Amino acid sequence: FTYINVINTCLSSPFDAKTGKPLSKKQTDTKPSALHGLGLKSVRQIAERHEGAMEHHYSEDTKEFHVTLSLKE
């Protein structure tokens, strides 16, 4: 497998308290964009298509959002 780990700083948890799913904090002028949040879904689909997986978590201690992608070689 090939592993790719991406880490972004994030001052607060990006997960919805009710669903546990990541939320986008990006928005246009006054309302959230319907297109935001599709990136992680696309990455997960690509990983699964290539017999891999995607995992993500938020570290409250370091204020970082981690995404780990594993792809079968």
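Scroll up to find the structure.
Quantities reported herein were computed from a predicted structural model and do not represent experimental measurements.

**Q** Please explain the packing of aromatic side chains as it appears in this structure.
**A** Per the stated rule, a full pass over the model turns up two aromatic pairs. Taken together, a centroid distance of 6.3 Å and an interplanar angle of 35° make the contact between Phe1 and Tyr3 tilted. We classify Tyr3 as exposed; its relative accessible area is 59%.

**Q** Honestly, the side chain of Ser59 in this entry has me stumped. Any pointers?
**A** Position of Ser59 among the secondary structure elements: in strand β2 (residues 53-59). Judged by its relative accessible area of 19%, Ser59 falls in the buried class. Residues within four places of Ser59 in sequence aside, it is in contact with Glu64 and His66.

**Q** In this structure, what is going on with the pattern of salt bridges? I would like to understand it.
**A** Should the charged atoms of two oppositely charged side chains come close, the side chains can pair. Inspection of the entire model under this criterion finds two salt bridges. The partner of Glu51 in a salt bridge is Lys72, and the shortest N-O contact between them spans 3.2 Å. One end of the pair, Glu51, is in the loop between α1 (38-49) and β2; the other, Lys72, is in the segment after β3 (64-71), and 21 residues separate them in sequence. In this structure Glu51 comes out as exposed when scored by relative accessible area, which is 53%. For Glu60, the salt bridge identified is with Lys63, shortest N-O distance 2.5 Å. Classification of Glu60 as partly exposed rests on a relative accessible area of 48%. For Lys63, a relative accessible area of 29% gives the class partly exposed.

The rules we used
Residues numbered from 1 in each chain as written. Predicted model: local features only at pLDDT ≥ 70, side-chain atom pairs only at ≥ 80, totals over all residues. Heavy atoms only, no water. Phe/Tyr/Trp six-rings, centres within 6.5 Å; stacked < 30°, edge-to-face > 60°. Buried < 20%, exposed > 50% of the residue type's maximum accessible area, 1.4 Å probe, protein only. Helix = DSSP H or I, 4+ residues; strand = E, 2+ residues; numbered from the N terminus. Contact = heavy atoms within 4.5 Å. Salt bridge = Lys/Arg side-chain N within 4 Å of Asp/Glu carboxyl O.

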